Amino acid sequence: MKTEKKHIKSISCEEALKRVFDYIDEHLRGKSRAELEHHLETCRHCFDRVEFEKLLKSRLSKLKVEAQSETLRKRLDALLEQF
Ligand SMILES: [Zn+2]
């Protein structure tokens, strides 16, 4: 009888880093994701990289939201001036 969990292939740091952005964006699925997660469990270097990119991404999206609301406010102000 075969076990449910298939053997996860070890990937290199280079291969892992190629998948990091897809992983953070939640685009990585199935085997590719399992392989990356396995790599992150065993490789501190890539784990730190993922943490760093996650932090960067959350900061950037925060900035984007702030920029968007700023634009929206300006638009509203411009709109109000017309009345
Ligand atoms: Zn690595």
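These numbers were taken from a predicted model, which means no experiment stands behind them.

Rules of the game
- Residues numbered from 1 in each chain as written.
- Predicted model: local features only at pLDDT ≥ 70, side-chain atom pairs only at ≥ 80, totals over all residues.
- Helix = DSSP H or I, 4+ residues; strand = E, 2+ residues; numbered from the N terminus.
- Expected span 1.5 Å × (residues − 1).
- Buried ≥ 20, exposed ≤ 12 C-beta atoms within 10 Å, placed from the backbone.
- Axes fitted to C-alpha atoms, helices over the stretch in contact; angles between N-to-C directions.
- Parallel < 35°, antiparallel > 145°, perpendicular 65-115°, else oblique.
- Left-handed = near helix turned anticlockwise from the far one by under 90°.
- Contact = placed C-beta atoms within 7 Å.
- Nonpolar A, V, L, I, M, F, W, Y, C, P; charged D, E, K, R; others polar.

With that out of the way, let us pick up helix α3 (residues 44-81). With 38 residues, α3 ought to run about 56 Å at 1.5 Å a step, and its terminal C-alpha atoms sit 55 Å apart, in line with that. Little of α3 is tucked away: 2 of the 38 residues are buried.

Before going further, it helps to examine the environment of serine 12. Mapping serine 12 onto the fold places it in the segment before α1 (13-24). Along the primary structure serine 12 and leucine 55 are separated by 43 residues, whereas in three dimensions their C-alpha atoms are 23 Å apart.

Our next topic: unusual backbone geometry. Its identity as a non-glycine residue notwithstanding, glutamate 26 has a phi of 65 degrees, on the positive side. Along the chain, the position of glutamate 26 falls in the loop between α1 and α2 (30-42). You can call glutamate 26 exposed: it has 8 C-beta atoms within 10 Å.

So, on to the packing of α1 against α3. Interhelical geometry of α1 versus α3 gives an angle of 25 degrees and a closest axis separation of 10 Å. As summarised for this structure, α1 and α3 are arranged roughly parallel, according to the angle between their axes. Seen along the crossing, α1 lies across α3 with a hand that is right-handed. Only His45, Cys46, Arg49, Val50, Glu53, Lys54 and Lys57 of α3 make contact with α1, whose side of the interface consists of Cys13, Ala16, Leu17, Val20, Tyr23 and Ile24. Split by residue class, the contact of α1 with α3 holds 8 nonpolar, 1 polar and 4 charged.

One way to put it is that α1 packs onto α2 with a least axis distance of 10 Å and a crossing angle of 115 degrees. The angle between α1 and α2 places the two elements in the roughly perpendicular class. Considering only the axes of α1 and α2, their crossing is left-handed. Contact with α1, carried on its side by Ala16, Arg19 and Tyr23, involves Ser32, Arg33, Leu36 and His39 of α2 and no other residues of that element. Here the contact of α1 with α2 is composed, by residue class, of 3 nonpolar, 2 polar and 2 charged.

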